[in-house]
Amino acid sequence: MIRIDDRTYSQAEVEALTAAHAEQARLSDRPGARFAVCFTDTIDWLALFFAIRASGGSLLPLHPSTPLEAARRLAREAGCHALYHNSLTAEEIAPLPADPGPGQLLQMSSGTTGAPKRIARSWSEIDREIESYVGFFTEPAGMTPVIACPTTHSYGLICGLLVGLRRGAEPVILDTTNPKFLLKALRQIERPLLYSSPVILHTLARLMPEGERIHAAMTSGTLLPEPWFERIRGKTTHMFQQYGCSEAGCIAINPDMAGSAELGRVLPHHRLSTGTADAPAEIVLSVPDGEIRTRDLGYLRDDGMLMFMSRLDDTINVAGLNVYPQEVEDVAMAMPGVTDAVAFRRTDRFAGERVALLFSAAAEVTDNALRDWCRENLAAHQQPGELIRADALPRMANGKISRREVAARYAEAAE
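The rules behind each value
Residues numbered from 1 in each chain as written. Predicted model: local features only at pLDDT ≥ 70, side-chain atom pairs only at ≥ 80, totals over all residues. Heavy atoms only, no water. Helix = DSSP H or I, 4+ residues; strand = E, 2+ residues; numbered from the N terminus. Rg over C-alpha atoms; globule rule 2.2 N^0.38 Å. Buried < 20%, exposed > 50% of the residue type's maximum accessible area, 1.4 Å probe, protein only. Contact = heavy atoms within 4.5 Å. Areas by Shrake-Rupley, 256 points an atom, 1.4 Å probe, with all protein chains shown as cover. Lys, Arg positive; Asp, Glu negative; His and termini not counted. Charge placed at Lys NZ, Arg CZ, Asp CG, Glu CD. Axes fitted to C-alpha atoms, helices over the stretch in contact; angles between N-to-C directions. Parallel < 35°, antiparallel > 145°, perpendicular 65-115°, else oblique. Nonpolar A, V, L, I, M, F, W, Y, C, P; charged D, E, K, R; others polar. Domains from an automatic or database assignment. Buried area = accessible area lost by both parts, 1.4 Å probe. Salt bridge = Lys/Arg side-chain N within 4 Å of Asp/Glu carboxyl O. Core = buried A, V, L, I, M, F, W, Y, C linked by side-chain atoms within 4.5 Å. Arc of directions from axis to C-beta. Pairing = 2+ DSSP bridges. Expected span 1.5 Å × (residues − 1).

- Taking an unreviewed UniProt entry as the reference, the protein is identified by name as Acyl-CoA synthetase belonging to Azospirillum humicireducens.

Structure follows, in structure tokens:
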């Protein structure tokens, strides 16, 4: 049913563990409760996940590296009633609910404001997403899902594990991000479909010997820089991309990536509005109780492909002209010797805003050479007015980078 590293658990074993965990955790004594769960042992985490879901409870998954005090804080912020932290004995956080509601998957998101907020999706919503995902995205039929990302995140949990189980596959969970171990494991699996982060995919593509390819890879979480996309695309037989948000789950899937900005085609259970190629607009989902505003700027191509332009918060307005950071970054990273780049906003007394570029590069790449390169390949309003060299950029494990945080960090350094 599930393989974790080198150990395979049959359906009977998983069901027995799930029942035992439900009994030891005394879930029947806490009907309708919200639980925060943090386990370093993946099979214990999954058994308790299946048990809480089956009981109709709500669940906040916590990354296995979360320390106890941090887990308590997150549990309180999410309004949880109990915490299981590497133990099936619950730590009480708050009184049990008098009127329990439907079971939900809980997530904590900072959103665009930086203020933590709880996002709750019912198990029935997630079931609907899984059915839509499996019915619409048929290309992985016969492939083995290989999950090299946390199953405490909805990407690995829902799209990797639960979708894989729904297809009748035996998902493989790899509890490591060591690229050499991942390559070795992939070579031993027939028709693997790798669910991982853009950073890991890029690292694997760089390490793979000439002529070797990954059978299939899924990317999600952040738009790939064009040089990364080209390298990964060249090392995969099938390259997929999915796009979504915490509030709605997976929104669109691209079954055959030809460009990093091609987010995919919208899953049939969603209703979406956005702009056109001539007039991009925010991607907005219609939901029964209103709408979900993604804060992503994009448009629908005539063939139904959802295209990404920029985060609304990241768009830089230079003297009334919009600059999309990804375009600047792709140009900079196309220069030989430049290894990474992020464009971000600076205030300007004349233009209102201007482009700054944080980059890493080989020693032979000079600032003047990079300026000349940008002048040759970018319009005047897109060209970086400021270049900042760094040994490495502050990317997270999933490849994301906060332009707002970069701008704040280097504004402080300049003062």
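1. Examining the overall build of the protein
Then step 1. Secondary structure assignment for the protein yields 11 helices and 24 strands.
Then step 2. The C-alpha radius of gyration of the protein comes to 23 Å, within 12% of the 22 Å expected for a compact globule of 415 residues.
Then step 3. Across its three principal axes, the protein shows a C-alpha extent of roughly 65 × 50 × 40 Å.
Then step 4. Out of the 415 residues belonging to the protein, those deemed buried represent 50%.
Then step 5. Long-range pairs, those at least 24 residues apart, make up 58% of the contacts in the protein between residues at least 6 apart in sequence.
Then step 6. Of the roughly 19000 Å² of accessible surface on the protein, 49% is carried by carbon and sulfur atoms.
Then step 7. Each charge class in the protein was averaged separately, 42 positive and 52 negative side chains, and the resulting centres sit 1 Å apart.

2. Considerations on the packing of helix α6 (residues 179-187) against helix α7 (residues 198-207)
Then step 1. Across the interface, α6 lies against α7 with an axial gap of 10 Å and an inter-helix angle of 75 degrees. Our classification of the angle between α6 and α7 gives roughly perpendicular. Here P179, L182, L183 and L186 of α6 lie close against α7, whose contacting residues are I200, T203, L204 and L207.
Then step 2. Class assignment for the residues of the contact of α6 with α7 results in seven nonpolar, one polar and no charged.

3. Regarding the domain arrangement of the protein
Then step 1. The domain boundaries assigned to the protein delineate domain 1 (2-101), domain 2 (124-311) and domain 3 (316-411).
Then step 2. Taking only C-alpha atoms, the centre of domain 1 and the centre of domain 2 are 27 Å apart.
Then step 3. Between domain 1 and domain 2, the contact holds 15 residues from the first and 16 residues from the second.
Then step 4. Around 1400 Å² of area is buried between domain 1 and domain 2 when both sides are counted, 59% of it from carbon and sulfur atoms.
Then step 5. Counting every contact that joins domain 1 to domain 2 gives one salt bridge.
Then step 6. Notably, a salt bridge pairs D127 with R53, separated by 2.4 Å at the nearest N-O pair.
Then step 7. Looking at the side of domain 1 that touches domain 2, the elements with two or more residues in it are β1 (2-4) and α2 (42-55).
Then step 8. No other element matches the six residues that α2 contributes to the side of domain 1 that touches domain 2.
Then step 9. Taken together, the residues that form the side of domain 1 that touches domain 2 break down as nine nonpolar, three polar and three charged.

4. Details of the nonpolar core
Then step 1. V37, Y84, Y133 and L161 are the most contacted members of the largest nonpolar core, which totals 49 residues.
Then step 2. The element best represented in this core is α2, accounting for eight residues.
Then step 3. Those residues within four positions of Y84 in sequence are excluded, and the remaining contacts are A25, L27, R30, F35, A36, V37, C38, F39, L48, T89 and A90.

5. Topic: helix α3 (residues 68-77)
Since one α-helical turn is 3.6 residues long, residues separated by three or four positions face the same way.
Then step 1. Among the residues of α3, A70, A71 and A75 are the ones counted as buried. Down the axis of α3, the sector holding all buried residues measures 135 degrees, keeping them to one side. Exposed and oriented more than 90 degrees from the buried face of α3 are E69 and R76.
Then step 2. Buried residues belonging to α3 abut β3 (34-38), β4 (58-61) and β5 (82-85).
Then step 3. Phi turns positive one or two residues past the end of α3, at G79, with a value near 70 degrees.

6. What to know about the sheet that holds strand β22 (residues 338-348)
Then step 1. Strand order in the open sheet made by the three strands is β22-β23-β24, with mixed pairing throughout. With one partner strand each, in any of the chains shown, β22 and β24 (386-389) form the two edges of the open sheet. The mean inter-strand angle of the sheet, taken between neighbouring strand axes irrespective of direction, is 25 degrees.
Then step 2. Alignment of β22 against strand β23 (residues 352-361), held across 10 bridges, turns out to be antiparallel. In the sheet register, D340 faces β23, and the bridge partner there is S360.
Then step 3. Running at roughly 135 degrees to β24, helix α10 (residues 367-377) makes contact with β22, β23 and β24 of the sheet.

7. Looking at the pairing of β23
Then step 1. Of all 10 residues making up β23, seven are buried, and the element is well covered by its neighbours.
Then step 2. Here β22 folds back onto β23, and the loop between the two strands holds three residues.
Then step 3. In this sheet, β24 lies alongside β23 in parallel orientation, the contact comprising four bridges. Following the sheet pairing, F359 is matched in β24 by R389.

8. Here's the deal with the pattern of salt bridges
Then step 1. Using the criterion set out here, one finds 28 salt bridges in the structure.
Then step 2. For the salt bridge of R295 with D313, the shortest nitrogen-to-oxygen distance reads 2.9 Å. Of the two residues, R295 sits in strand β18 (residues 290-300) while D313 sits in the loop between β19 (305-311) and β20 (316-318), which places them 18 residues apart along the sequence.
Then step 3. Three or more residues joined by partner-sharing salt bridges are found here, namely E262, R265, R301 and D303.

9. Section: the packing of helix α4 (residues 123-136) against helix α5 (residues 154-166)
Then step 1. Remark: α4 packs on α5, axes separated minimally by 10 Å, with the N-to-C direction vectors making an angle of 70 degrees. It follows from the interaxial angle that α4 and α5 lie roughly perpendicular. Counting all contacts with α4, which are made through I126, E129, I130, E131, Y133 and V134, the residues of α5 involved are I158, C159, L162, V163 and R166.
Then step 2. Of the residues in the contact of α4 with α5, the class split is eight nonpolar, no polar and three charged.

10. Brief notes about helix α1 (residues 11-24)
Then step 1. The first and last C-alpha atoms of α1 sit 20 Å apart over 14 residues, in line with the 20 Å expected at 1.5 Å per residue.
Then step 2. Those residues of α1 that fall on the buried side of the exposure criterion are V14, T18 and H21. The buried residues of α1 all sit within an arc of 70 degrees when viewed along its axis, so they share a single face. Exposed residues on α1 whose side chains face more than 90 degrees from its buried face are A12, E23 and Q24.
Then step 3. Looking at the buried residues of α1, the elements they touch are β2 (7-9) and α2.

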